[in-house]
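Report on the structure
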Amino acid sequence: MPEQEVGGDAGLHGFLDALNACDLLPRQQEWFNVDVAAMFASTPIHFHELDLDTGKSLLFLNDSLTLLCPQEHVLHHFPRHLIHCFVDDRRHHVLMDDDPVFRAELFSISPLEEQLCWVAQSANEHDVPTLQSKIAKWLAWLNRS
């Protein structure tokens, strides 16, 4: 899930530009470019993450984050104080073939149908430094004062 640090108008435009790498349906692309752009026109976006396969996106805002789900045209908003981060480093465990060696999850305490579950993981030990860098950004955002 690529990510990019951005702010102000540049944050929104950088996010919308990054969506070009996704294979979205025209109605999904329109939802992002018209509706989402209108809703976030005045909101600084610190950075974003994007699932290139689904187009699902996380926007990291000042005191909250937003999960955007283009398949359903749904926006979920989560205050920062309801977000948690768990990291599971399994490099020194016995693993099955496809088990991740390193896994991190951002999740929320919220109603079942509205929960956040954003996962970054890899079964390749060479990816661990990249994942650790991503987690460092998450933790820096979570611990902002």
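Check the entry above for the structure.
The structure reproduced in this document is the subject of the present report. (Residues numbered from 1 in each chain as written. Predicted model: local features only at pLDDT ≥ 70, side-chain atom pairs only at ≥ 80, totals over all residues. Heavy atoms only, no water.)

**Section: the pairing of strand β5 (residues 74–79)**
Across six bridges, the pairing between strand β4 (residues 64–69) and β5 is antiparallel. Considered in β5, the bridge of Cys 69 is made with Val 74. Linkage of β4 to β5, two consecutive antiparallel strands, is achieved through a turn of four residues, within which His 73 is found at a positive phi near 55 degrees. (Pairing = 2+ DSSP bridges. Helix = DSSP H or I, 4+ residues; strand = E, 2+ residues; numbered from the N terminus.)

**What about the pattern of salt bridges?**
All chains considered together, the criterion is met by four salt bridges. Here Glu 49 makes a salt bridge to Lys 134, at a shortest N to O gap of 3.5 Å. Of this pair, Glu 49 sits in strand β2 (residues 47–50) while Lys 134 sits in helix α3 (residues 128–142); the two residues are 85 residues apart in sequence, bridging distant segments of the chain. Each member of the pair, Glu 49 together with Lys 134, is buried. Across the pair Arg 91 and Asp 89 runs a salt bridge, and its minimum N-O distance is 2.5 Å. (Salt bridge = Lys/Arg side-chain N within 4 Å of Asp/Glu carboxyl O. Buried < 20%, exposed > 50% of the residue type's maximum accessible area, 1.4 Å probe, protein only.)

**Thoughts on the environment of Leu 139**
Note that Leu 139 resides in helix α3. The exposure class assigned to Leu 139 is partly exposed, which follows from its relative accessible area of 38%. Counting along the chain gives 51 residues from Leu 139 to Asp 88, while the straight-line C-alpha distance between them is 15 Å.

**Some points on the packing of aromatic side chains**
Going through the model one piece at a time under the given rule, you end up with five aromatic pairs. With 5.2 Å between their ring centres and 85 degrees between their planes, Phe 60 and Trp 141 make a pair best called edge-to-face. Residue Phe 60 is found in strand β3 (residues 57–60), and its partner Trp 141 is found in helix α3; the two are separated by 81 residues along the sequence. Since its relative accessible area comes to 0%, Phe 60 is described here as buried. For Trp 141, a relative accessible area of 2% corresponds to the buried category. Ring centres of Phe 86 and Phe 107 lie 4.8 Å apart, and the angle between their planes is 70 degrees; on these two criteria the pair is classed as edge-to-face. Here Phe 86, found in strand β6 (residues 83–89), pairs with Phe 107, found in strand β7 (residues 102–108); they are 21 residues apart in sequence, far enough to count as distant. In this structure Phe 86 comes out as exposed when scored by relative accessible area, which is 53%. Taken together through their ring pairs, the aromatic side chains of Phe 15, Trp 31 and Phe 32 make up a single cluster. Its guanidinium or amino end placed over the ring of Trp 141, Arg 80 lies 5.9 Å from that ring's centre, counting from NZ or CZ. If you follow Lys 137 out to its NZ or CZ, it ends over the ring of Phe 47, 4.7 Å from the centre. (Phe/Tyr/Trp six-rings, centres within 6.5 Å; stacked < 30°, edge-to-face > 60°. Lys NZ or Arg CZ within 6 Å of the ring centre and 35° of its normal.)

**Here's the deal with helix α2 (residues 26–39)**
Between its first and last C-alpha atoms α2 spans 19 Å; for 14 residues at 1.5 Å apiece the expected length is 20 Å, and the two agree. Regarding α2, the residues found buried are Gln 28, Gln 29, Trp 31, Phe 32, Val 36 and Ala 37. (Expected span 1.5 Å × (residues − 1).)

**Focus: the state of the cysteines**
Here the structure, examined in full by the defined rule, presents zero disulfides. Of all cysteine sulfurs in the structure, the one in Cys 117 sits closest to Cys 69, which takes part in no disulfide; the separation is 12 Å. (Disulfide = S-S within 2.5 Å.)

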